[in-house]
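Observations on the model geometry
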Amino acid sequence: MPSTHTTVAGDTLSAIAQRFYGDAGLFGFIAAANGIADPDEIGIGQVLRLPDPGRVRPVRAGDTLSGIALEMYGDASFVGLLAAANAIRDPDHIEVGWTLSIPDRPGTPLPPPPPVITGVLPYASEPFGVYQPLIGWRSNLQQERVRSGLTNRFAQAVNLAHLETTPTGPHLAAAKFTDPTGTVVGRELATRAVSGLDDPDLWQALLADTADSPAATMIAAVNGPRVGAAAAADPQRETVTTRLLQQLNRTDPTIVPQMFAREVQPWERALAAVQFIAQQHPSKAMFLSPIGILHRFREYFFELGTFLGPPVGHVWISPGGTVELIEVNTRRTLVERTTEQSTESVEKSEQSGTDRDEIADAVKAENASDMKLGVTTSASGGLGTIFQASGSASFNLDQSRKQAQEQTHKRMREQTSKLSSEVKQSFKTTFRTVTETSDTSSRRYVLQNTTSRLVSYQLSRKMRKVAVQVQDLGQQLCWQLYVDFPGDHLDTGNFVHETAAALDPSIKRPDRIPYPPDKPVVYPFAVRFLQHNGGDDDTDLTYLQSDENGDHGINRNAGANSIIQFRFDFDIPPAPEGFVLANVAAVDFKNEQAQVKDVALNPNSAGGPAKSFMIRLAKANFGGKRSMPFEVTMMYTPTKTAKDAIDAQNAQAMKDYTDLVAAEKERLFYETLRKRVKLSSRVPARRPEDLREEERNIIYRKIIARLYGKTANWENSDYHVASELIRYFFDVDAMLYFVAPDWWRPRPGRRVMMNADGALQTTAFESADKKYLFTEESEPAPLGASLGWFLQLDGDANRNAFLNSPWVKAVLPIRPGREDEAMKFLGRPEVAGTDGLNEDYPFDPEQDPPEYRGKKLREVLLIIAAKIAAEQKQSLTPVPSNPGDPNSDLALPAEVVFAHGFNPLQGGISFGKEPFQVFSQWTEILPTEQVVATEYDLKTPS
């Protein structure tokens, strides 16, 4: 009895077939048994019947479904039976790896297979090319690059190497061996191994289990008097390590040398690169010839017919009823909603757009964004997408053509199959019944039942059958060379926008708290009349400062003994809170008859502020009184503690202000940056054709400069003449160039995000940690600026690759019919040179034609040029578009497909050496946006 399987996440029909039948190729049998139209699409929870497949037959290379039907049934007309039993949508397409279930032959003859549609003209075409470098011509171009590489790596080795002193003089530093044990014995073994690099028995001698072996000597040193490095060693660990190493050396002598691996020095790596690049294989496989071959192809798309696919829904309609259906296609849909509020109403509008689901357009779109392809213009070359094949050491044109056809078939087949699958998977259709009418861009269907019975309608999607053919368009010789740093003459734009410096944070600067002003305080004092010499108290006399003693006053008219005290010391009152005495500002005797000579503060013997002051008179008359009053103004200044407290308040206020300003400036900065990022992400890209034209001009200019000097004075007519000469030999307008993604390198940053004035002057928006900045409203930079990419605002991914590439490979197709002249031009010493052209061609009897035997490289290249020239002549000779038809029209060989239309290719693939032939064919089933309603037959089978 047949079993069942309920699908789970991750299931595929091929995996289920492998699990239950042991053969993944029986996936088509399961699909047919369960009515699955597309074996690539199964749902989770789907219950699958798994009946016995009965007889099976694997598909082998060269098989066709009709041939298998003839083999198994003796009648090729049983193709339909095999196709139905294995869910084969296209009887003309089967693949190696499938396994077919062979049902029993029915009793009644099968209906004949449907006729093959012929004569349908292609509705679209896409040019393709495969560029295949040739290996073997040691030209001056390559020698220059090799010489440069040798020089650079030798200089690197010189910089990395250093000398060490030896008994015989200075030598390069000796090689080192790693010590994996971390022991004294291990380090000593690694050191001794250096001296025996070339000795095959080195480790046998070092680890010999004898009393006088180096290993035994080292163990004795560790276990004996412990000096030097051995002082910190663990004797037991050292002994165990040595014994285990000896054991390994006895059981397998290859292990210990692997453990103690020799360390390759950095300078040795650089020097090894010099040797590797300089070595020449007999076939000179190290060198790519300046000559390569461009294989040209064209992919055609044919519309073979339409049919209704599996049902996508059902609907019942009562007699006389009408149902309006809205189909919402969610594939690549951009929905924009805006809401506007008025006084009492809300207005809502919806806009949706859908990309075309055309496989030919999808192929072109994918190729346009594929950076692994060669970039070219189609002005005169007629080539679009060019991909590069691996280099070939054989110059066999027929074999090269076959390899190119195989690669083209594989790439185009995989590409169209992938895109076709994406188209099928991207369709998701839902139906809903609505009772209101609104203006939307969705597709609507109105179904009306005008009968008197209940009717069920089946809704099916209209499907397209598209055939794809690939035609060989011939070959063309090309000149290839490298152009270094192609993006140096192209730069990113400076995005103009407001700067952060122009944005005022509008925060008031805090007022500075001043120190308290100096404080004057007036104190009353009095000087007493103190007789120093003399018997009378002559208080009414006038005294002057004595010349002999400044502290005394004397009245000489009263006698030599009439002397009084003129110096007086007074205690200073306590200073006001928070102040310290600075000085005595003034002494005022008011209306008294006194003059002050000087006033001074007396030093404090204990240190600190003065506690007293001194006053010395110059003249005095006490007016008969025993004392004379006066006032002293003491000037006080704020203490250091008080000033420090005010400084702390000012500093804190300034810090708060600075922090607030910094935070606001940062907020304004990133607010401005958000605007710049958002606006920059909306900058429209220039047309790819314009970008490629710029790049092509840069490359061509560098080619001219390499051949004929610098380009500082481009107005010089010599360059114009040189350019026209090159154009004579080569189709410059069809030049293509390859930017290898494997060789992209981050460019050094040439701008900063914000300069000293606060101006945002970069378009890369790079932060300090080398992370590129973006917002939730912007699109990230191509591949991310974290990879060192410039954000080329008006460019594309190919422009970014061009800017960051250290080199590109430029390929100039040789104009048809001028191959011999171009070869002579390439032989010039300033172009490619003839070095290597006169050497023997490395003939390979398994790959090369006999005519190459015993020839020089130059002779073989001339043979190739002659063959391609003959092909070019053939391409200009009209041939019948339908061979065998006496009334057939004539067409050029490369255009016969446009003349006779679709002509099915037997077997699907026919790689060959003849040019201008269709060599590959396959079909794809594509869904359309149209859904068709048909009345569903409710009758069940009896």
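None of these values were measured; they are calculated from a predicted model.

What about the overall build of the protein chain?
- Each helix and strand in the protein chain was counted, giving 20 helices and 33 strands.
- Classification of the 942 residues of the protein chain by burial places 40% in the buried group.
- Taking the intrachain contacts of the protein chain between residues at least 6 apart in sequence as the baseline, contacts between residues at least 24 apart amount to 76%.
- On the protein chain, roughly 50700 Å² of surface is accessible, and the fraction owed to carbon and sulfur atoms is 53%.

A few points about the sheet that holds strand β19 (residues 519-528)
- In spatial order, the strands read β19-β28-β25; together these 3 strands make up an open sheet with antiparallel pairing. Two strands close off the open sheet at either side, each with one partner strand: β19 and β25 (579-588). Each strand of the sheet is rotated relative to its neighbour by a mean of 30 degrees, with strand direction disregarded.
- In the sheet, β25 pairs with strand β28 (residues 627-638) via 8 bridges, with the strands oriented antiparallel.

A look at the environment of Asp 820
- Structurally, the position occupied by Asp 820 is in helix α18 (residues 819-826).
- Owing to a relative accessible area of 41%, Asp 820 belongs among the partly exposed residues under this scheme.
- For the pair Asp 820 and Leu 861, spaced 41 residues apart in sequence, the C-alpha separation works out to 9.2 Å.

Brief notes about the environment of Ala 157
- One can find Ala 157 in helix α5 (residues 140-160).
- Between the C-alpha atom of Ala 157 and that of Leu 271, which follows or precedes it by 114 residues, the distance is 5.8 Å.

A closer look at the packing of aromatic side chains
- Applying the stated rule across the entire model yields 28 aromatic pairs.
- Measuring from ring centre to ring centre gives 5.2 Å for Phe 302 and Phe 902, while their planes differ by 65 degrees; the resulting arrangement is edge-to-face. Placement of the pair is Phe 302 in strand β10 (residues 288-317) and Phe 902 in the loop between α20 (896-900) and β33 (918-935), with a sequence separation of 600 residues.
- Accessibility expressed as a relative area gives 0% for Phe 302, which makes it buried.

Structural notes on α18
- Along α18, the residues that are buried comprise Glu 819, Ala 822, Met 823, Phe 825 and Leu 826. End-on, the buried residues of α18 take up no more than an arc of 160 degrees, which puts them together on one face.

Points about the pattern of salt bridges
- Counting across every chain of the model gives 26 salt bridges.
- Here Asp 511 ties to Lys 508 by a salt bridge, and the two come within 3.4 Å at their closest N and O atoms.
- Across the pair Asp 551 and Arg 616 runs a salt bridge whose closest N-O atoms are separated by 3.0 Å. Of this pair, Asp 551 sits in the loop between β21 (543-545) and β22 (552-554) while Arg 616 sits in strand β27 (residues 612-621), and the two are 65 residues apart along the sequence.

Quick notes on the packing of helix α8 (residues 214-223) against helix α9 (residues 235-251)
- At their nearest, the axes of α8 and α9 sit 9 Å apart, and the two run at 170 degrees to each other. Taken together, the axes of α8 and α9 are roughly antiparallel relative to one another. The residues of α9 that touch α8, namely those facing Ala 215, Ile 219, Val 222 and Asn 223, are Pro 235, Glu 238, Thr 239, Thr 242 and Gln 246.
- Among the residues making up the contact of α8 with α9, the classes are represented as 4 nonpolar, 4 polar and 1 charged.

Let's talk about α9
- Between its first and last C-alpha atoms α9 spans 24 Å; for 17 residues at 1.5 Å apiece the expected length is 24 Å, and the two agree.
- Buried within α9 we find Glu 238, Thr 241, Thr 242, Leu 245, Gln 246 and Asn 249. Looking straight down α9, one finds that the buried residues subtend no more than 130 degrees of arc, so they occupy a single side. Of the exposed residues in α9, the ones pointing more than 90 degrees away from its buried face are Gln 236, Leu 244 and Thr 251.

Remarks on the packing of helix α6 (residues 184-193) against α8
- Closest axis-to-axis distance for the α6/α8 pair is 10 Å, and the angle between their directions is 140 degrees. Looking at the two axes, α6 sits oblique to α8. Classified by chirality, the crossing of α8 by α6 is right-handed. Within the contact between the two elements, α6 uses Val 185, Glu 188, Leu 189 and Arg 192 and α8 uses Pro 214, Met 218 and Ile 219.
- A breakdown of the residues in the contact of α6 with α8 according to their chemical character gives 5 nonpolar, no polar and 2 charged.

Quick look at the pairing of strand β4 (residues 99-102)
- Residues Thr 99 and Ser 101 of β4 are buried on one face, and the alternating residues Leu 100 and Ile 102, pointing to the opposite face, are buried as well.
- One ladder, built from 4 bridges, connects strand β3 (residues 55-58) with β4; its direction is antiparallel. Each residue of the ladder has a partner; that of Arg 57, found in β4, is Leu 100.

Re the confidence of the model for the protein chain
- Mean pLDDT over the protein chain works out to 76, with 77% of the residues at or above the 70 mark.
- When the criterion is pLDDT under 50, residues 377-381 qualifies, and its contacts beyond four places in sequence or with other chains add up to 13 contacts.

Description of unusual backbone geometry
- Despite not being glycine, Phe 485 has its phi angle at roughly 45 degrees, a positive value.
- Of note in the backbone geometry, Lys 590 takes a positive phi value of approximately 55 degrees without being a glycine.
- Secondary-structure assignment places Lys 590 in the loop between β25 and β26 (593-602).
- Taking the relative accessible area as the measure of exposure, Lys 590 reaches 53% and is therefore exposed.

A word on the nonpolar core
- Ranked by size, the top nonpolar core spans 47 residues in total, and within it Trp 479, Ile 703 and Phe 730 carry the most contacts.
- At the level of elements, β10, β18 (455-484), α15 (688-708), α16 (717-729), α17 (797-804), β30 (807-813), α18 and α19 (857-875) are the ones that each hand at least two residues to this core.
- Considering every element that reaches this core, the biggest residue donor is α19, with 7 residues.
- Beyond its immediate sequence surroundings of up to four residues, Phe 730 is in contact with Trp 479, Leu 812, Pro 813, Ile 814, Arg 815, Ala 822, Phe 825 and Leu 826.

Conventions and cut-offs
- Residues numbered from 1 in each chain as written.
- Predicted model: local features only at pLDDT ≥ 70, side-chain atom pairs only at ≥ 80, totals over all residues.
- Heavy atoms only, no water.
- Helix = DSSP H or I, 4+ residues; strand = E, 2+ residues; numbered from the N terminus.
- Buried < 20%, exposed > 50% of the residue type's maximum accessible area, 1.4 Å probe, protein only.
- Contact = heavy atoms within 4.5 Å.
- Areas by Shrake-Rupley, 256 points an atom, 1.4 Å probe, with all protein chains shown as cover.
- Pairing = 2+ DSSP bridges.
- Axes fitted to C-alpha atoms, helices over the stretch in contact; angles between N-to-C directions.
- Phe/Tyr/Trp six-rings, centres within 6.5 Å; stacked < 30°, edge-to-face > 60°.
- Arc of directions from axis to C-beta.
- Salt bridge = Lys/Arg side-chain N within 4 Å of Asp/Glu carboxyl O.
- Parallel < 35°, antiparallel > 145°, perpendicular 65-115°, else oblique.
- Nonpolar A, V, L, I, M, F, W, Y, C, P; charged D, E, K, R; others polar.
- Expected span 1.5 Å × (residues − 1).
- Left-handed = near helix turned anticlockwise from the far one by under 90°.
- pLDDT = per-residue confidence, 0-100.
- Core = buried A, V, L, I, M, F, W, Y, C linked by side-chain atoms within 4.5 Å.

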